[in-house]
Amino acid sequence: MSIKYLNNKNNYNVIIVFEVILIDEAVNFMINKEWEKDYKFKRKKYLLTIATECEKSNKDSDIIGGILIYNQLIEQLLKESIICSISYIKAEIWPINVQLDIDFEKATFGTLIDYFKKFTIKEHNYDIIINYLKDIKKIRNNIVHNLFNIPKIEDLKDISKNYYNISNKLVKLLNTYYEQLCYRLYELSERVEWDLFKEK
């Protein structure tokens, strides 16, 4: 397919332009130090506060709500880690171009776990994070999709304890993982003068 494109002048030009866009994306990420900008910090902090309050509650609606909030929070932390890790890899091998098939819009929790396994670097407690992600996915599915099969709905708090326990650990582990990625990116930003590649 590459040879066919090379023989077609118009397609060849399109490919070159597309590659330049990808190169600019990696360079701009490094120049702007995007990994330092936590655009959703306030929302994450707020949701974590609510989830923690739900965990302490004895109301069934709060317990279920807290599970869903923790799930959303962990999904967001996964997305940020995946983006940061991919950006680091692209910047580290730049100007070599790599294209990855990722669609966050359609990604389920299971898909995000697969993305994390495929596209992130092995950093702080990587294997523990993977195992915890598998655990909470299974526990969450057993609770949320089987509300009619729980013998006593009053037992929901006891059933959800393990989920909340693992979720608390995961949030801390994913935050530490992200910090390690940031350190790698910071080191790379010091090692390479990215400003030299700014568009004139």
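To be clear, the structure that these remarks concern was listed above.
Report follows, based on the coordinates. Everything numeric here is computed off the predicted structure, so don't read it as measured data.

**Thoughts on the environment of Phe104**
Tracing the sequence through the fold places Phe104 in the loop between helix 4 (60-93) and helix 5 (109-119). A residue is classified by how much of its surface remains accessible, and Phe104, at 22% relative accessible area, is partly exposed. With 25 residues separating them along the chain, Phe104 and Lys79 place their C-alpha atoms 7.8 Å apart. Apart from residues no more than four positions distant in its own chain, Phe104 is found in contact with Lys79, Ile82, Ile83, Leu112 and Tyr115.

**Some points on a positive patch on the surface**
Together, Lys117, Lys118, Lys134 and Lys137 make up a positively charged patch on the protein surface. For the positive patch, the elements supplying multiple residues, two or more each, are helix 5 and helix 6 (126-144). If you trace the backbone, Lys134 turns up in helix 6. Judged by relative accessible area, which is 43%, Lys134 ranks as partly exposed.

Analysis parameters
- Residues numbered from 1 in each chain as written.
- Predicted model: local features only at pLDDT ≥ 70, side-chain atom pairs only at ≥ 80, totals over all residues.
- Heavy atoms only, no water.
- Helix = DSSP H or I, 4+ residues; strand = E, 2+ residues; numbered from the N terminus.
- Buried < 20%, exposed > 50% of the residue type's maximum accessible area, 1.4 Å probe, protein only.
- Contact = heavy atoms within 4.5 Å.
- Patch = residues over 30% accessible without salt bridge, like charges linked within 9 Å, V, L, I, M, F, W, Y side chains within 5 Å.
- Areas by Shrake-Rupley, 256 points an atom, 1.4 Å probe, with all protein chains shown as cover.
- Salt bridge = Lys/Arg side-chain N within 4 Å of Asp/Glu carboxyl O.
- Lys, Arg positive; Asp, Glu negative; His and termini not counted.
- Charge placed at Lys NZ, Arg CZ, Asp CG, Glu CD.

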